[in-house]
Amino acid sequence: MKPFPLQPETTQANRQRFFIWDGSSVHSEITNESATVDACGWLAFDDQCPLCTRWAGRLERILARRRIMLVPLRTPWVRQRLGLTEGRRPDRIWLLLPGGEELGGADAIIELARRIGWARPFAFIAGLPGIRHLLHAGYNFIARRRTCIGDTCTRPATVQNAKRSSVAQAIDLLPLVILPAFAIALAPSLPAFLFMWALAAGIFTGFKWLTFRRAAAQMRDLSFARTFTYLLAWPGMEAKRFLDESRTVEEPRCAEWLFAGAKTCLGIALIWGLTPRLFVAAPLLAGWTLMVGLIFLLHFGLFHFLSVLWRTAGIDAQPMMRNPLRATSLADFWGRRWNRDFNVLARDLVVKPLHRRIGAGRAMLLVFLFSGLIHDLVISLPSGAGFGLPTAFFLLQACGLTFERSRTGRALGLGNGLCGWVFTFTLTALPAIALFHPWFVSRIILPFAQAIGAA
């Protein structure tokens with residue numbers, strides 16, 4: 001790790017002495033006055049904490065461009081300014097500003113976010129009612145256990161591994177619990193369609209963070225740029241594949257760019273072209289048209305665009321949708337072609353941990369049950385009706401997949417060819433009215449259509 005310039009101390013008329021931290025010890029270095037930096041602040045952190053040290057190294061360049069210098073909390077002038085007694089180990093980071101202001105913990109992170117362009121949305125979200133309190137609680141939870149989150153742990157060796165595992169798992173699950181709960185708490189003050197989007201965003205963000213943490217626990221030296229891109233600029237869930245910088249990726253052809261563009265244009269035409277024409281005469285049909293348009297615009301179009309863009313840049317970001325209409329079996333449709341990243345997530349979270357205990361068949365059933373409950377939460381809860389229908393749809397898929405793999409199903413040729421395609425299309429497309437039931441269309445989709453000018 002590079003040395004970090006700290007608070008300057010005048011030694012001669014034309015010379016300055018800087019304290020330098022090299023990652024393990026503090027020493028001093030004489031420099032010319034012209035080399036000094038007019039700092040806009042100092043970020044003081046615990047350099048004896050592996051987690052803190054690792055993040056300090058990742059933030060070094062970002063903060064340096066904004067003239068904010070990193071400094072260990074054990075530096076004498078820092079301890080004196082904060083009033084830290086000798087032998088007392090600090091419990092949070094501190095942002096020290098030239099005017100004498102001192103911000104600690106989550107407040108320091110929020111202030112840094114305000115000064116970094118791409119992080120300002122985080123600062124805005126932190127200003128929403130109740131969010132700052134949650135951030136403080138989450139920061140304090142992590143800070144108290146930071147010595148068992150990095151590479152080493154100062155707790156007794158007999159409990160080190162168990163403690164580290166339980167704490168890490170609890171931290172990883174926090175966003176998946178807090179964000180949907182926060183969306184549900186806001187439900188009375190939001191239109192139903194906004195509540196649906198907030199709930200979906202909270203669940204997505206929680207799962208996204210969980211996949212990142214699971215991958216980060218098995219990988220070393222993750223670059224900040226790749227991590228930031230995965231978390232905020234890619235909707236997929238295959239964290240290992242995306243974050244691994246050693247993977248080689250075949251550059252997409254021009255035809256794939258055009259195909260993604262065509263699907264995006266089709267989605268736009270369905271949403272703002274066809275939906276308004278159907279809105280008055282056939283509102284339910286208009287709602288279904290809007291949903292199909294959204295799928296083409298986002299999942300098939302813009303998400304495919306992002307996949308092509310990142311693969312062109314050398315990042316292994318595979319498309320989420322892989323021509324689902326070509327599936328000749330339910331196993332092929334749900335396992336490889338439709339929303340592939342969610343399938344990978346379900347496999348890692350449900351199938352792998354359980355298939356040895358309860359068998360592959362029962363684990364598969366739990367995956368469909370899990371998916372149905374998630375869709376019920378996002379679809380039926382905001383609608384206030386239709387509870388159980390999305391879950392029933394996915395349980396039907398599990399039954400269909402079981403029959404497809406049975407001796408009778410194989411004898412009927414359901415796993416391939418035309419018979420397999422007809423069976424797959426019939427079982428996925430026709431019962432979809434139970435997944436996106438009429439209450440969801442009338443209470444969520446149609447008001448959303450009006451909100452975006454598609455009515």
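The rules behind these values
Residues numbered from 1 in each chain as written. Predicted model: local features only at pLDDT ≥ 70, side-chain atom pairs only at ≥ 80, totals over all residues. Heavy atoms only, no water. Axes fitted to C-alpha atoms, helices over the stretch in contact; angles between N-to-C directions. Helix = DSSP H or I, 4+ residues; strand = E, 2+ residues; numbered from the N terminus. Parallel < 35°, antiparallel > 145°, perpendicular 65-115°, else oblique. Contact = heavy atoms within 4.5 Å. Nonpolar A, V, L, I, M, F, W, Y, C, P; charged D, E, K, R; others polar. Core = buried A, V, L, I, M, F, W, Y, C linked by side-chain atoms within 4.5 Å. Buried < 20%, exposed > 50% of the residue type's maximum accessible area, 1.4 Å probe, protein only. Phe/Tyr/Trp six-rings, centres within 6.5 Å; stacked < 30°, edge-to-face > 60°. Pairing = 2+ DSSP bridges. Right-handed = clockwise from strand over helix to strand, strands pointing away. Salt bridge = Lys/Arg side-chain N within 4 Å of Asp/Glu carboxyl O. pLDDT = per-residue confidence, 0-100. Expected span 1.5 Å × (residues − 1).

Draft legend 1. Region of the structure containing the packing of helix H7 (residues 192–216) against helix H19 (residues 438–451). Following both chains from N to C, one finds H7 and H19 inclined at 95 degrees, their axes separated by 8 Å at the closest point. On the basis of the axis angle, H7 is roughly perpendicular to H19. Note on element contacts: H19 touches H7 through Phe440, Arg443, Ile444, Pro447, Phe448 and Ala451, opposite Ala192, Phe193, Met196 and Trp197. Of the residues that constitute the contact of H7 with H19, the class distribution is nine nonpolar, no polar and one charged.

Draft legend 2. Focus on the nonpolar core. Phe207, Leu290, Trp334, Phe368 and Phe440 are the most contacted members of the largest nonpolar core, which has 44 residues in total. Residues contacting Phe368, with those up to four places away along its chain left out, are Trp334, Phe394, Gln397, Ala398 and Leu401. Residues Phe45, Cys52, Leu63 and Ala108 belong to the second largest nonpolar core, which totals 18 residues.

Draft legend 3. Inspection of the packing of aromatic side chains at higher detail. What the rule picks out here adds up to 22 aromatic pairs. An angle of 15 degrees between the planes, with centres 5.7 Å apart, marks the rings of Phe333 and Trp338 as stacked. Owing to a relative accessible area of 9%, Phe333 belongs among the buried residues under this scheme. Between Trp334 and Phe368, the aromatic rings sit 6.2 Å apart at their centres with planes inclined by 90 degrees, giving edge-to-face as the arrangement. With a gap of 34 residues between them, Trp334 in helix H12 (residues 330–337) and Phe368 in helix H14 (residues 360–383) connect regions that are remote in the sequence. Trp334 sits in the buried class, given a relative accessible area of 12%. Take Phe368: its relative accessible area is 8%, and that puts it in the buried class. Among the aromatic residues, ring-to-ring pairing joins Phe296, Phe300, Phe333, Trp334, Trp338, Phe368, Phe393 and Phe394 into one connected group.

Draft legend 4. Structural detail: the pairing of strand S5 (residues 68–72). For S5, a buried count of five out of five residues is recorded, marking the element as mostly surrounded by other parts of the structure. Residues Ile68, Leu70 and Pro72 point to one face of S5 and Met69 and Val71 to the other, with burial holding for every one of them. Examined bridge by bridge, strand S4 (residues 41–45) and S5 share five bridges and lie parallel to one another. Within the sheet, the bridge partner assigned to Gly41 lies in S5 and is Ile68. A crossover links S4 with its parallel partner S5, the connecting element being helix H1 (residues 50–64), and its sense is right-handed.

Draft legend 5. Quick look at the pattern of salt bridges. Evaluated as defined, the whole model comprises 12 salt bridges. A salt bridge links Asp47 to Arg74, with the nearest nitrogen and oxygen atoms 2.5 Å apart. Of this pair, Asp47 sits in the loop between S4 and H1 while Arg74 sits in the loop between S5 and helix H2 (76–82), and the two are 27 residues apart along the sequence. On the basis of relative accessibility, which here comes to 33%, the residue Arg74 falls in the partly exposed class. Notably, a salt bridge pairs Asp172 with Arg213, separated by 2.9 Å at the nearest N-O pair. You can see Asp172 sitting in helix H6 (residues 157–186) and its partner Arg213 sitting in helix H7, a full 41 residues away along the chain. Overall, the relative accessible area of 10% leaves Asp172 in the buried class. Residues joined in a network through salt bridges with shared partners are Glu238, Arg241, Arg247, Asp316 and Arg340.

Draft legend 6. Highlighting the confidence of the model for the protein chain. Averaged over the protein chain, the pLDDT score is 82; the fraction of residues at 70 or greater is 85%. Put simply, strand S3 (residues 26–32) is where the protein chain has its lowest mean pLDDT, 36, and H19 is where it has its highest, 96. Taken as a whole, residues 1–37 scores under 50 in pLDDT and shows 84 contacts with residues more than four places along the chain or in a different chain. Ignoring residues within four places in sequence, the model shows residues 150–164, a span with pLDDT below 50, making 22 contacts including any to other chains.

Draft legend 7. Looking closely at the sheet that holds strand S6 (residues 94–96). Pairing in this open sheet of four strands is mixed, and the strands run S5-S4-S6-S7 from one edge to the other. Both outer strands of the open sheet, S5 and strand S7 (102–104), are each paired with one neighbouring strand and no more. Sheet twist, expressed as the mean angle between neighbouring strand axes with direction ignored, is 25 degrees. Two elements, S4 and S6, share three bridges in a ladder whose sense is antiparallel. Bridging from a neighbouring strand, Trp42 pairs with Leu96 of S6. Here H1 sits on the sheet in contact with S4 and S5, set at roughly 155 degrees to S5. Against the sheet, helix H3 (residues 106–115) contacts S4, S5, S6 and S7, and its axis sits at roughly 110 degrees relative to S7.

Draft legend 8. Here's a closer look at helix H15 (residues 389–405). Here H15 contains 17 residues, and its C-alpha end-to-end distance of 25 Å stays within 8% of the 24 Å for a straight helix at 1.5 Å per residue. Inspection of H15 places Pro390, Thr391, Phe393, Phe394, Gln397, Ala398, Gly400, Leu401 and Glu404 among the buried residues, and these make up the whole buried set. Looking at the packing, one finds that the buried side of H15 touches H12, H14, helix H16 (407–411), helix H17 (417–429) and helix H18 (432–435).

Draft legend 9. A look at the environment of Phe370. Residue position: Phe370 is located in helix H14. Here the alpha-carbon distance between Phe370 and Thr391, two residues 21 residues apart in the chain, equals 8.3 Å. In contact with Phe370, not counting residues within four places along its chain, are Phe207 and Phe342.

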